[in-house]
Structure formats: structure tokens, C-alpha cells
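A structural walkthrough
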Amino acid sequence: MKPILPCTLLCTTLIAACGGGSSQSGPVDCMLVNQNAYVYDQLRDSYLWAESVSDSANPADYASPSALLQDLRDPRDETRFGNSYSYVADQAAFTSLLNEGQFTGLGVRLGFTDADELTALLVYSDSPAANAGLQRGTRILRIEGQVPSSDPSQPNYFDTLLGADEAGVTVHMEIQDPGDSGSREISVTKAVVTIDSVQAAQVFETVGGTRVGYLLFTNFFTDPSRTALRQAFASFREQGATELILDLRYNGGGSVRTSTVLASLIGGNRVYAGNRGEVFTRAVANADHPELGFVEQFFNEAEALDLARVAVISTASTASASELVINGLEPFVDVVVIGDTSFGKPVGQHPMNFCDKTLVAVTFQTLNADGQGDYFQGIAADCAADDDWDEPLSIQGQAGNEASIQVAMDYLTTGQCPATAKRHTGPSSTAYAHGLRSLIAAH
């Protein structure tokens, strides 16, 4: 299947650092040439690969700050899917998403099957999509009377058919509900959607009496995500969970600090002992701006589970701060990756606001306590498994769960990868979003 990835899909997923900032003040005014000049100055100064940026470019030659960035960025600033890690975002939308978990849209994550059928993968609760009856596995047969295409060059490209991401925009669809051979028509009006980054948190007891926590976590926002994570882990502790399945299959990243919180909740005393946290990640900036580098240490989290191992479900949509959790825990905890190779984003950004925009250009690379962090091609899965779009993302019983969840449960029970065959091909690069869309991971 071909998922429509979030960050960069994007995976241009952003890691928003906890500190640091621009070494340059904003433009003297917001005339286009001065906005371009500001971005140009940042690329030549605080950009991780600043030495590669041409010193003879003319900011006046570019139609936008984004066009300048994409033209002058370093060749290393490119994901394995062909998009750039760096981008320019609308400041209000960026801030609202990262700090409040809010965006304007339908509230649904979409993907195309191998048969090119547009499908709902994840529907946010209380969103316009949810209120219209969409659920995981719903097929979207037509949008505005046209069969949606996964090809951005076609006039019926699904993103084009869905219209502008503005409140009040109504989208007419013909859909097929899961398990139904017929179809029905609906109208969905875009509105502000608040994402609950903890989409599922449940505890299941195996036949042997082991209590396994399952956490579906979709976004590394700031305070809202940290609060939700602590509440989820407090519930896991109260219910006696001693194993964890961490489902990051659709998590395109976000805040470094929030990833440190999650990793600390998993590792407990294994990563924080003697009143001192071990190194979670070390960020390395360019030689001219070492102050943009930083060290994140694990926290002492009261709700921590103190796990010896964790099963992490990954896909090509698992990016940035999600990969940071995997890489940062590996020196201390047995991290078993289930599913597919992750996105590949061991770099991050210090967002820089100017005028009504935010420059999200790469300013550092992240390394774990062992100095490892060269996963630009993604983190490979230990146990291959599908993202089975026709099954719910929850634990239903001992067997018959969604494919990746079942493989994770089997591994935690036996200590071995079950013999499974992948039914789908990998995602198409044309299905990947870029910039802020990758961080939202939904329409």
C-alpha cells in the first residue's frame, strides 16, 4: 500500500529543538526581497551545511523564501523519498500545530492501496471526518465526482480535489464503508481539528498472565502531548503493565523535549539513576555555531515503567522525533522494531520566525549515547510486518489483531519474529507530503 505520509512525509518531519535560535535578527521589513535575504543569511550562517551554500546568490532573483531555500539547500538536505528536510511554513499554522495540536482540515490520514484506492488510515475523534462517519478502512471512491489519483501531475490528484485547508470548505465524497459492498455520498466541511496525540492506550493480559500496554502515539507536540503521555503511562502502571507495544507507525515527529519525555517514561531507572539522567541525544550543529548544539538527558518521570525492552511499530511514516526515541533508547533498552524501515531523519531544526512565516531549516544532527545517528536511510525493522489498513489499531484478543500489532504481541510472547510474509509493496515517493503537511500527517 502507498501511505500518504505526514511529514515528509515527509518526512520532512520536524524536530523542534528545546533551545537555541537564530544568530540573525529578522528582516528590517517584510518586503519580499528582505524576507528572501533573511532566509539566505540563515542558510549561510546557522544551517547545518552552511559551508555549501553559494555566497554569490541574489535574493532578489527568487519568487519566495521557500523557492530560495529549495534552490540553495545542500544535496544532503534531501530525504530518501526525494523531498527536502528543510522548509518554510506559515507561522500561525506552525505554532498552533506544535503547541496546541490544532490544524484546519478534515481530520483524516489517507493512503492509496496497491489498487490505487484512496483509503482512510486514521480518523481523529470529534473531527469533521469522524462526524461524517469515516473510519479506518473507509474507501473514498470519488471526490467532487472524480476518482482520486495518487499522481500529483494529474488534475484529479486527491490533494487538489480536497481543496484549500480553510474552515468552511466543504468536500463532497462518495465512500464505501468497511465491509460494505455498496457506497454512499457524504459532505464534509473543514474545521479546526484538535489532535489527541495519544490515540489509544490500553492494557491486555496474555494467556501467561503478562500485562502488555499498547500505545498509539501520533504526534510529538509540546505540553498537550507530554501531559497525555504521562497520563497514559500512569494508567499502564496502575494496571500492572510490564511490557509495551509503542505504535509510532504514523508519527512524523515534533518536539525533541517530548521525545525525551516518552523515552524516559519507557526506560525509568535504566536511563535515570543516581539522580542523573543518561544521555538521550547529543545534537551537533555547524562549526560556527556550537551553541545551536545541545545535550538532552533522560528525565526522572514518576510514571515511568522501567522496561527492559519495548516493541516499536514503525513504517516509512515513522520519522524524526519518533526515530529519536528508538535511537536514543537503544544503548539502554532492548528496542525491537516491528513493521517496516522508518523514514530516515536524524537531523532537526531550530524554528526561526520572521514576518508571518517560520523557517524550518536543518540546524543539527542527532546522535545517541553511543555516538550513533547515521540513519538517513531509515531504521530497519527487526520483524517485518504489514500495516493492515482493514483492521482496527487496538488489541482485540490473543490472535487476529492488525498485522503489526499481532507480530509485536507474538514477539513479546516468544522472543522471536514470527514467520510472516509482507503482502504489500512499499510506499511510493510520490505519495509523500512535504513541510508542515508532514508534521500534521493528516488532511
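As shown above, the structure is provided for reference.
Structure report, in brief. Keep in mind that this is a model prediction, so the values were computed, not measured.

Conventions and cut-offs
Residues numbered from 1 in each chain as written. Predicted model: local features only at pLDDT ≥ 70, side-chain atom pairs only at ≥ 80, totals over all residues. Heavy atoms only, no water. Salt bridge = Lys/Arg side-chain N within 4 Å of Asp/Glu carboxyl O. Buried < 20%, exposed > 50% of the residue type's maximum accessible area, 1.4 Å probe, protein only. Helix = DSSP H or I, 4+ residues; strand = E, 2+ residues; numbered from the N terminus. Arc of directions from axis to C-beta. Phe/Tyr/Trp six-rings, centres within 6.5 Å; stacked < 30°, edge-to-face > 60°. Lys NZ or Arg CZ within 6 Å of the ring centre and 35° of its normal. Axes fitted to C-alpha atoms, helices over the stretch in contact; angles between N-to-C directions. Parallel < 35°, antiparallel > 145°, perpendicular 65-115°, else oblique. Contact = heavy atoms within 4.5 Å. Nonpolar A, V, L, I, M, F, W, Y, C, P; charged D, E, K, R; others polar. Pairing = 2+ DSSP bridges. Disulfide = S-S within 2.5 Å.

Our focus in this paragraph is the pattern of salt bridges. According to the stated counting rule, one finds 21 salt bridges in the structure shown. Across the salt bridge formed by Arg73 and Glu78, the nearest N and O atoms sit 3.4 Å from each other. Since its relative accessible area comes to 18%, Arg73 is described here as buried. One salt bridge in this structure joins Glu278 and Arg276, with 3.8 Å as the shortest N-O distance. For Arg276, a relative accessible area of 48% translates into the label partly exposed. One salt-bridge network, held together by shared partners, links Arg136, Asp247, Arg249, Asp387 and Glu402.

So, on to helix α3 (residues 91-100). Among all positions of α3, only Phe94, Leu97 and Leu98 are buried. Down the axis of α3, the smallest arc covering the buried residues is 90°, so these residues share one side. Among the residues trailing α3, Gly101 stands out with phi positive, at a value near 70°.

What follows concerns the packing of aromatic side chains. Evaluated as defined, the whole model comprises 11 aromatic pairs. The structure contains a cluster of three or more aromatic residues connected by ring pairs, namely Phe112, Tyr157 and Phe158. A cation over a ring is seen here: Arg44 above Tyr40, with NZ or CZ 4.3 Å from the ring centre.

The interhelical angle for the contact between helix α6 (residues 223-238) and helix α7 (residues 256-267), taken along N-to-C directions, is 10°, at an axis separation of 10 Å. Here α6 lies roughly parallel to α7, going by the angle between them. Taken together, the residues of α7 that come into contact with α6 (itself represented by Ser225, Arg226, Leu229, Arg230 and Phe233) are Arg257, Thr258, Val261, Leu262, Leu265 and Ile266. Of the residues contributing to the contact of α6 with α7, the split by class is six nonpolar, two polar and three charged.

The six strands are arranged β12-β13-β14-β20-β21-β26 in an open sheet whose pairing can be described as mixed. Taken across any chain shown, the strands that pair with only one partner, and hence form the sheet edges, are β12 (198-205) and β26 (383-384). The pairing of strand β13 (residues 211-217) with strand β14 (residues 243-247) spans five bridges and is parallel. Each bridged residue has a counterpart across the sheet, and for Gly213 the counterpart in β14 is Leu244. Sheet contacts for helix α8 (residues 321-329): β14, β20 (309-314) and β21 (334-339); angle to β21, the most-contacted strand, approximately 140°. Its contacts with the sheet place helix α9 (residues 403-414) against β12, β13, β14, β20, β21 and β26, and it is angled at close to 155° to β14.

Tracing the backbone through its elements, the reader meets Ser197 in the loop between β11 (191-194) and β12. Judged by its relative accessible area of 3%, Ser197 falls in the buried class. If we skip the residues at most four places from it in the chain, Ser197 touches Leu216, Phe217, Thr218, Asn219, Phe221 and Ser225.

Looking now at the state of the cysteines. Applying the stated criterion across every chain, the model contains two disulfides. At a sulfur-sulfur separation of 2.0 Å, the disulfide partner of Cys30 is Cys355. Negative torsions about the S-S bond denote left-handed disulfides, and the value of about -105° found for Cys30 with Cys355 makes this one left-handed. With Cys30 in the loop between β3 (15-16) and α1 (32-45) and Cys355 in the loop between β23 (352-354) and β24 (357-360), this residue pair connects regions lying 325 residues apart in the sequence. Its relative accessible area of 45% is what places Cys30 among the partly exposed residues. Accessibility expressed as a relative area gives 28% for Cys355, which makes it partly exposed. The side chain of Cys383 participates in a disulfide bridge whose partner is Cys417; the two sulfur atoms lie 1.9 Å from each other.

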